[in-house]
Amino acid sequence: MDGKKYKVAVIGGDGIGPEVCDAAKQVMQRVSELDGNIAFGFTDFPWGCGWYKEHGRMMPEDGLEILKGYDAILLGAVGRPDVPDHVSLHGLLIAIRQGFDQYVNLRPVKLLRGAPCPLKDVKREDVDMIFVRENSEGEYAGKGILEEDRAEQVGVFTRKGCERIIRYAFELAVKEGRHRVTSISKGNALNYSMVFWDRIFAEVAKEYPQIEANSLLVDAASMFMVRDPARFDVVVCSNLFGDILTDLGAAIAGGMGMSAGANIDPERRYPSMFEPVHGSAPDIMGQEKANPMATCWAASQMMDYFGRPDLGRRILTAIEAVLAEGKCLTPDLGGSAKTSEVTRAILEAL
Ligand code: NAD
Ligand code: IPM
Ligand code: MN
């Protein structure tokens with residue numbers, strides 16, 4: 001092997017997280033063997049709700065320091081019914097996203113061949129959008145008060161934060177030859193933060209006259225995603241809106257088992273983190289029912305990030321081949337195959 005060896009930290013986390021990470025690791029391993037010019041060294045970290053029960057925290061105090069030594073992070077999912085979600089998620093997932101200033105959350109909503117779509121009269125190519133979700137501040141800034149009779153949750157929108165994510169969306173459109181950037185906001189009701197966001201979107205859009213800039217209110221955008229998904233190309237939105245709309249996106253592109261996301265620090269000061277959009281799915285954990293495709297897709301995004309989009313495409317093509325054949329699918333896709341069988345099918349397709 002003459003090429004580079006990448007150090008990848010793996011945080012399987014809770015529920016089905018370790019199961020789907022195991023699949024993605026096998027896929028990356030196979031890709032490395034087939035290519036011969038790239039290699040991955042995996043280190044597993046047992047952090048998550050189990051760790052919390054033992055140590056009173058979701059990861060060690062110097063967890064971020066430890067992760068800094070890696071080229072990328074593969075994360076499964078976080079959350080267990082016996083630990084409050086706001087404790088587990090802020091203690092690990094959000095701590096990494098914000099601690100490493102992974103301010104871009106890239107979530108493709110693309111209907112692969114063979115993936116089920118619940119929408120009527122929609123062509124496959126009509127569902128092909130890429131969400132650029134703000135991932136470092138906004139509604140997730142974690143500021144506010146929680147008292148007996150009152151709670152306040154403060155959204156923090158800075159010029160730096162809004163500008164950089166909106167500019168990233170336009171740059172992505174230019175780079176990928178896409179034609180339209182849609183901003184999703186809610187300036188009619190959120191009369192400070194979203195007015196600010198809309199203003200900055202209009203400013204940045206002026207720098208990209210070749211890209212069509214479009215603005216939608218989040219309620220109407222939800223409706224259009226179902227009624228007319230073809231109108232979306234690159235989409236940019238705040239942290240919370242991006243969270244909600246990408247579950248809707250998953251639903252129209254095959255389900256939670258099909259939806260991946262990359263948490264990126266574009267300046268590469270810190271490792272970026274790749275994960276499925278879904279959660280720990282405690283209802284199906286340990287039963288070999290989890291669809292590993294979303295996490296394998298996240299591994300594909302990691303290849304793009306490592307500067308090997310050819311390998312990213314290779315993984316996605318293998319996932320699509322298994323889907324299109326339709327013989328080896330997990331129950332969420334109407335099949336009866338096990339997680340390990342679908343993983344094997346993807347390895348064979350590679
Ligand atoms: P969820 O995404 O875990 O599950 C929603 C539904 O989708 C469930 O019916 C589940 O069985 C199904 N599902 C999810 N992933 C699947 C897969 N790969 N294959 C087949 N079916 C799949 O969301 P939830 O139930 O709202 O949350 C469960 C826990 O996960 C909570 O603790 C929540 O806070 C946490 N959560 C974590 C993340 C994350 O770590 N990134 C994301 C969302 C939710
Ligand atoms: C996601 C998840 C997280 C989010 C939760 C678990 C904090 O839903 O990655 O979509 O809201 O960002
Ligand atoms: Mn979510």
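Quick caveat: nothing in here was measured; it's all calculated off a predicted structure.

Novice: Which residues make up the overall build of the chain, and what values do they have?
Specialist: A tally of helices and strands in the chain yields 12 helices and 12 strands. On C-alpha atoms alone, the chain measures out to a radius of gyration of 20 Å, which is about the 20 Å that the 2.2 N^0.38 rule sets for 350 residues. Overall, the C-alpha framework of the chain stretches about 50 × 50 × 40 Å when taken along its three principal axes. Buried positions account for 53% of the 350 residues belonging to the chain.

Novice: An account of the pattern of salt bridges is needed here, citing residue identities and associated values.
Specialist: The tally for this structure, following the rule as stated, stands at 25 salt bridges. In this structure, Arg-167 engages Glu-207 in a salt bridge whose closest nitrogen and oxygen atoms are separated by 2.7 Å. Taken together, the residues Arg-167 in helix α6 (residues 159–176) and Glu-207 in the loop between α7 (193–205) and β9 (212–217) connect sequence positions 40 residues apart. Given a relative accessible area of 26%, Arg-167 falls into the partly exposed group. The partner of Arg-180 in a salt bridge is Glu-212, and the shortest N-O contact between them spans 3.1 Å. Of this pair, Arg-180 sits in strand β8 (residues 180–185) while Glu-212 sits in strand β9; the two residues are 32 residues apart in sequence, bridging distant segments of the chain.

Novice: Any details on the nonpolar core? Residues and values, ideally.
Specialist: If you look at the biggest cluster of nonpolar residues, it comprises 89 residues, and the most contacted ones within it are Val-132, Ile-166, Met-293 and Ile-319. Viewed by domain, this core spans two of them, domain 1 (1–103 + 259–350) and domain 2 (117–253), each represented by three or more residues. Look past the residues within four positions of Met-293 in its chain and what remains in contact with it is Gly-257, Met-258, Ile-319, Val-322, Leu-323, Leu-329, Leu-333, Val-342 and Ile-346. One finds Trp-51, Met-58, Leu-93 and Phe-100 within the second-largest nonpolar core, a separate group that totals 20 residues.

Novice: Tell me about the site of ligand 1, residues and numbers included.
Specialist: For ligand 1, the set of nearby residues contains 21 residues, the closest of which are Val-78, Asp-85, Gly-279, Ala-281 and Asn-291. Within the contact set of ligand 1, an oxygen atom lies 3.1 Å away from a backbone nitrogen or oxygen of Ser-280. At 2.9 Å from a nitrogen atom of ligand 1 is found a main-chain nitrogen or oxygen belonging to Asn-291.

Novice: Account for helix α10 (residues 293–305), with residues named and values stated.
Specialist: Here α10 is 13 residues long and its end C-alpha atoms lie 18 Å apart, about the 18 Å a rise of 1.5 Å per residue gives. Extensive coverage of α10 is indicated by the burial of 12 of its 13 residues. Taken together, the buried positions of α10 are occupied by Met-293, Ala-294, Thr-295, Cys-296, Trp-297, Ala-298, Ala-299, Ser-300, Gln-301, Met-302, Met-303 and Tyr-305. One or two steps after α10, the chain reaches Gly-307, where phi turns positive at roughly 80°.

Novice: An account of the pairing of strand β12 (residues 272–276) is requested, with residue identities and associated values reported.
Specialist: Counting buried residues along β12, five of its five residues qualify, which places the element largely inside the surrounding structure. Relative to β12, strand β3 (residues 72–77) runs parallel, the two being bridged by three bridges. When the sheet's bridge partners are listed, Ile-73 is paired in β12 with Met-273. Note: strand β11 (residues 260–264) against β12, four bridges, orientation antiparallel. The partner of Ala-260 across the bridge, within β12, is Pro-276.

Rules of the game
Position numbers for residues start from 1 in each chain and track the written sequence from start to end. Numbering of ligands from 1 and lettering of chains from A proceed in the order in which they are written. Local features are withheld for residues below a pLDDT of 70 in this predicted model, meaning they are given only at 70 or higher, and side-chain atom pairs are given and counted only at 80 or more; totals for whole chains, interfaces and linings count all residues. For the side-chain quantities, the full set of heavy atoms in the structure was used; hydrogens and water were omitted. Secondary structure counts use DSSP, requiring at least four H or I residues in a row for a helix and at least two E residues in a row for a strand, with both numbered from the N terminus. For this measure, only C-alpha atoms enter the radius of gyration; the expected value for a globule follows 2.2 Å times N^0.38, where N is the number of residues. Per-residue accessibility, obtained with a 1.4 Å probe over protein chains only, is compared with the maximum for each type, and a residue is labelled buried under 20%, exposed over 50%, and partly exposed between these values. Note on definitions: salt bridges are taken to be side-chain nitrogens of Lys or Arg within 4 Å of carboxyl oxygens of Asp or Glu. In these notes, a set of buried Ala, Val, Leu, Ile, Met, Phe, Trp, Tyr and Cys residues joined through side-chain atoms within 4.5 Å is what counts as a nonpolar core. Note: domain ranges come from an automatic or database domain assignment. Here, residues are in contact when the closest pair of their heavy atoms is within 4.5 Å. Any residue with at least one heavy atom within 4 Å of a molecule or strand is counted as near it. Throughout this description, a polar contact denotes any pair of N or O atoms lying within 3.5 Å of each other; where both atoms belong to protein, one of them has to be capable of donating a hydrogen while the other can accept it, and for residues adjacent in sequence the pair is counted only when both atoms sit in side chains. The span expected for a helix works out to 1.5 Å for each residue beyond the first. A pair of strands is treated as paired once DSSP finds two or more bridges between them.

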